[in-house]
Amino acid sequence: MKLIATLITVAFIVAGCATIQPAPDAKPPETQPIDAWARVLERFVDDRGYVDFYGLQRDRADLDRYVAWVYDVGPNNRPGLFPSYDDKLAYHINAYNALAMWKILKAGIPEELGPWARFSFFWRDRVEVGGKRMSLYAYENEVIRRLNEPRIHFGLNCMARGCPRLPREPFRAETLDAQIEREARQFFSEQRNLRVNHREGKTYTSAILNWFEEDFLAHAPSLIAYINRYAPQPVPNDYPLEFIPYDWRVAHQ
Amino acid sequence: MDYLTAEEVRAWQPYPLAPDGVTPRKRARRRMELTGQWAPWQALGRRMAIGCVALEITQRCNLDCTYCYLSESSEALKDIPIEEVFRRVDMIFEHYGAGTGVQVTGGDPTLRKRDELLQIVRYIKSKDMRASLFTNGIKATRSLLEALCEAGLEDVAFHVDLTQRRKGYNTEAELNAVRQAYIERARGLPLSVFFNTTAYPGNFHELPALVRFFIANCDVVRLCSFQLGADTGRGVQRQRVTVSAETVLAAIQEGAQAKLNFGAASAGHSACNRYAYGIVCNGRVYDFYGDPAFVHKMLAATAHLKFDRADKRRAVATMIDFLLRNPRLLAGFASRAAKAAWSGRRDLLAAKGKVGKLSFFVHNFMDACQLDRERAEACSFMVMTPQGPMSMCVHNAKRDDYLLVPAMLKKEHKVMFFNPVTGRLQADKPDKLAVTVTRKNARGRAGKTSQTSAEHISK
Ligand code: SF4
């Protein structure tokens, strides 16, 4: 009982600590907002998906503009702007990635998302998406995952090294399917996300597969079957899966 | 000798930014001309705008060197906020531009939080400047060095010598075990490894053997630097007596068993810095600067070239490209190289063509009470104070003026002041900062006496 009371108190204290991150002090872009985001990706992201955060900080107007637009406009408050499923999904992947990038600047460009930093980053500090206030954690789990497309996990990026590669272009509704398909293949072609050790008789794969197992299993009979849809070489069916510890270092260039 | 008076030291100010249109290099050249140091060997104002700039990211240290330049208040002070460190990096860039060497130092910089240390190095790198870590090595683990390399660190300078009074080591020869361990930690990493040694009466007789140790390890060690102990800071030792720049140069040459030309190329005042460059083959040292006239010609002709020290291949390619465009210099270079190869043919054969290189550097800091005006004005080694760069020697003579001051920070549209004594941010500017040196935080001279206090009235 005492334990429960303590836990409730802790939960209240922690919940009371949630802070709101105000929208950046920038006007939403006059032209297509996605163009501002495209410029950020093109200028500050390299082919490995790593970000020049200090360069971005010095020249952050485009990112601030895009994030300010995300704060104001989203499928929930302006559904007319996002008529199709792909419009919504592309918006959310871009918005999530931009918010994560922006939060790294807000956090003072850390080197690593350690346990406390993760707590503030994903849960405590709230942002707004289309006028709706939420944490990044809630955004991913209660909004984006509900769209029932497991391949989003190869597009969503929280700016850690363990994340899938951040592409140098935004996701766009017209090409979304091909883009996330490409990112899924890219993801499983990288040794850091998938490798087979025949000596040990084991397959090692990213912790993402573990965390979001139910999303993948809703679309395939097993994780291995899901992996084999995208892996350049099929991984053996009889090797047990081991999950690679997530690399929480920030993806600095 | 024209020494600065106490009044003049007090009044000495950090450099403001150069007026528009005056490039950092032009400004350096002007300083060299005014102090009589503009000569063919001079790299400052020709190839570089400054020798290097010290960025002190903490005042704390886990050793207590007998010649320490830190202030007696140092250990009682909290680390300046990272925003203030970044602001100083920005200032270094504004003053001297891309390519500037930034010494990340302290105190011992590894005592700063690991994440912050990495952030600082990455920030320097993001400004296209060269980050070097100056540490006693105690906390510079292999994993930290790897992470630092990944963040963009280019050099590591280990300070190891008897003045540090490391327990269990009574001679420099014994300390070679520590040096060797540090060499192994850095081996294979994309870092230039330097060793700093204070030259003072207590180890002077061991310098030649120490030089031989560095020569034997020149596969990893790139530079051995000797600083003359000076009467400055909190350190308890004062006397130089037998040790002077000239005697240290002689000791180095005795250790190298070679005549080295310490006057062919250098940066700053000749009484402050002496530099020589050796090619090592089969354990024998050959003077790379053996023909000063040719070195000067090359220095003048290549002043405009930018060598990427982080990328050796690119640096070599730049040089080859330059030589191919300048056939006369190429011929001069080739004939000298051929001559050197011929005279060293036996060693070349024995070493199967393998050659290493090792630089020798002697830095002659000034005593705080005897600051030569000309040298201070020609200084090539700046420390970044909150208000701008300042000659390290002058700064050492009045450190508390720059330590016991609040740092102004902008936090979420508000101006706040960081109090280095309490380590807290406050809304109003504290007007009087004082530290109490207790038995716990006393180091150097303060450790020998009872409680003292330092205070500063902010302007
Ligand atoms: S004035 Fe002092 S710090 Fe500057 S170069 Fe000379 S010895 Fe070094």
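Since the model is a prediction, treat every value here as computed from it, not as a measurement. (Residues numbered from 1 in each chain as written. Chains lettered and ligands numbered in written order. Predicted model: local features only at pLDDT ≥ 70, side-chain atom pairs only at ≥ 80, totals over all residues. Heavy atoms only, no water.)

*Asks:* Mind showing me how you'd approach the overall build of chain A here?
*Replies:* A tally of regular secondary structure across chain A gives eleven helices and six strands. Relative to the compact-globule value of 18 Å for 253 residues, chain A shows a C-alpha radius of gyration of 19 Å, a close match. Counting only C-alpha atoms, chain A reaches 55 × 55 × 35 Å along its principal axes. Buried positions account for 51% of the 253 residues belonging to chain A. Sequence separation of 24 or more characterises 72% of the internal contacts of chain A that already satisfy a separation of 6 or more. Total accessible area on chain A is roughly 12,000 Å²; 53% of this is exposed by carbon and sulfur atoms. (Helix = DSSP H or I, 4+ residues; strand = E, 2+ residues; numbered from the N terminus. Rg over C-alpha atoms; globule rule 2.2 N^0.38 Å. Buried < 20%, exposed > 50% of the residue type's maximum accessible area, 1.4 Å probe, protein only. Contact = heavy atoms within 4.5 Å. Areas by Shrake-Rupley, 256 points an atom, 1.4 Å probe, with all protein chains shown as cover.)

*Asks:* Would you mind going over the sheet that holds strand S2 (residues 125-129) of chain A with me for this structure?
*Replies:* Hydrogen bonding along the main chain pairs the strands of a sheet, whether they run parallel or antiparallel. Residues and elements named next belong to chain A. The sheet built from three strands is open, its strands ordered S1-S2-S3 with mixed pairing. Of all the strands in the sheet, just strand S1 (19-20) and strand S3 (132-134) have a single pairing partner and so form its edges. Sheet topology note: the S1/S2 ladder contains two bridges and is parallel. Across the sheet, Thr19 pairs through a bridge with Asp125, a residue of S2. (Pairing = 2+ DSSP bridges.)

*Asks:* Just to check I follow, could you spell out the packing of helix H9 (residues 292-301) of chain B against helix H11 (residues 327-343) of chain B for this structure?
*Replies:* The geometry of a pair of packed helices is captured by two quantities: the angle between their axes and the separation between those axes. Residue and element names in this part refer to chain B. Orientation of H9 relative to H11, taken along the N-to-C sense of each, is 140°, at an axis distance of 11 Å. Between H9 and H11, the crossing angle belongs to the class labelled oblique. For the element pair H9 and H11, the recorded crossing hand is left-handed. Listed contacts from H11 to Phe294, Lys297, Met298 and Ala301 of H9 are Leu329, Gly332, Phe333 and Arg336. Residues that form the contact of H9 with H11 fall into these classes: five nonpolar, one polar and two charged. (Axes fitted to C-alpha atoms, helices over the stretch in contact; angles between N-to-C directions. Parallel < 35°, antiparallel > 145°, perpendicular 65-115°, else oblique. Left-handed = near helix turned anticlockwise from the far one by under 90°. Nonpolar A, V, L, I, M, F, W, Y, C, P; charged D, E, K, R; others polar.)

*Asks:* Help me understand the packing of aromatic side chains in this model?
*Replies:* For any pair of aromatic rings, the description rests on two quantities: the centre-to-centre distance and the angle between the ring planes. Residues and elements named next belong to chain A. As enumerated under the stated definition, the model contains 36 aromatic pairs over all chains in all. Pairing Tyr226 with Tyr230 gives two aromatic rings, centres 5.4 Å apart and planes at 55°, and the pair type is tilted. Placement of the pair is Tyr226 and Tyr230 together in helix H11 (residues 223-230), with a separation of four residues, close to one helical turn. Under the relative-accessibility criterion, Tyr226 is labelled buried at 1%. Judged by relative accessible area, Tyr230 falls into the buried class, the value being 7%. (Phe/Tyr/Trp six-rings, centres within 6.5 Å; stacked < 30°, edge-to-face > 60°.)

*Asks:* Even after reading the chapter, I still don't get unusual backbone geometry, so can you show me in this structure?
*Replies:* The phi angle of most residues is negative, glycine excepted, and most peptide bonds adopt the trans form. Residue and element names in this part refer to chain B. Residue Gly107 is reached from Gly106 by a cis peptide bond, and omega for that bond is 25°. Structurally, Gly107 can be placed in the loop between strand S2 (101-105) and helix H4 (114-126). One non-glycine residue, Gln257, adopts positive backbone phi at about 50°. Locating Gln257 in the fold gives a position in the loop between helix H8 (245-256) and strand S7 (273-281). A relative accessible area of 64% means that Gln257 is categorised as exposed.

*Asks:* Please clarify how the state of the cysteines should be interpreted in this entry.
*Replies:* Covalently bonding the sulfur atom of one cysteine to the sulfur atom of another cysteine gives a disulfide. Scanning the model with the defined rule gives zero disulfides over all chains in all. Of the cysteine sulfurs around Cys163 of chain A, a residue in no disulfide, the closest is that of Cys158 of chain A, at 3.1 Å. With relative accessibility at 3%, the residue Cys163 of chain A sits in the buried group. Of all cysteine sulfurs in the structure, the one in Cys218 of chain B sits closest to Cys224 of chain B, which takes part in no disulfide; the separation is 10 Å. (Disulfide = S-S within 2.5 Å.)

*Asks:* I tried to follow the confidence of the model for chain A on my own but got confused; where do I start?
*Replies:* Segments scoring low in pLDDT should not have their predicted coordinates read at a detailed level. For chain A, mean pLDDT is 91; residues scoring 70 or higher make up 91% of the total. Of the regions scoring below 50 in pLDDT, residues 1-16 of chain A engages in three contacts with residues more than four places distant in sequence or in other chains. (pLDDT = per-residue confidence, 0-100.)

*Asks:* Looking at this structure, I do not really get the interface of chain B and chain A. What am I missing?
*Replies:* Bring the parts together and some accessible area is lost; that lost area is often taken as the interface size. Taken together, the contact between chain B and chain A spans eleven residues of the former and 14 residues of the latter. Summing both partners gives a buried area of about 1,000 Å² for chain B against chain A, and 41% of it is carried by carbon and sulfur. When the buried area of chain B at its contact with chain A is split by residue, Gln119, Arg122 and Glu150 of chain B rank highest and sum to 47% of it. Put simply, chain B and chain A have two salt bridges between them. Taken together, chain B and chain A are joined by ten residue pairs in polar contact (both at pLDDT 80 or more). The biggest single contributor to the side of chain B that touches chain A is H4 of chain B, with six residues. (Buried area = accessible area lost by both parts, 1.4 Å probe. Salt bridge = Lys/Arg side-chain N within 4 Å of Asp/Glu carboxyl O. Polar contact = N/O pair within 3.5 Å; in protein donor to acceptor, adjacent residues only side chain to side chain.)

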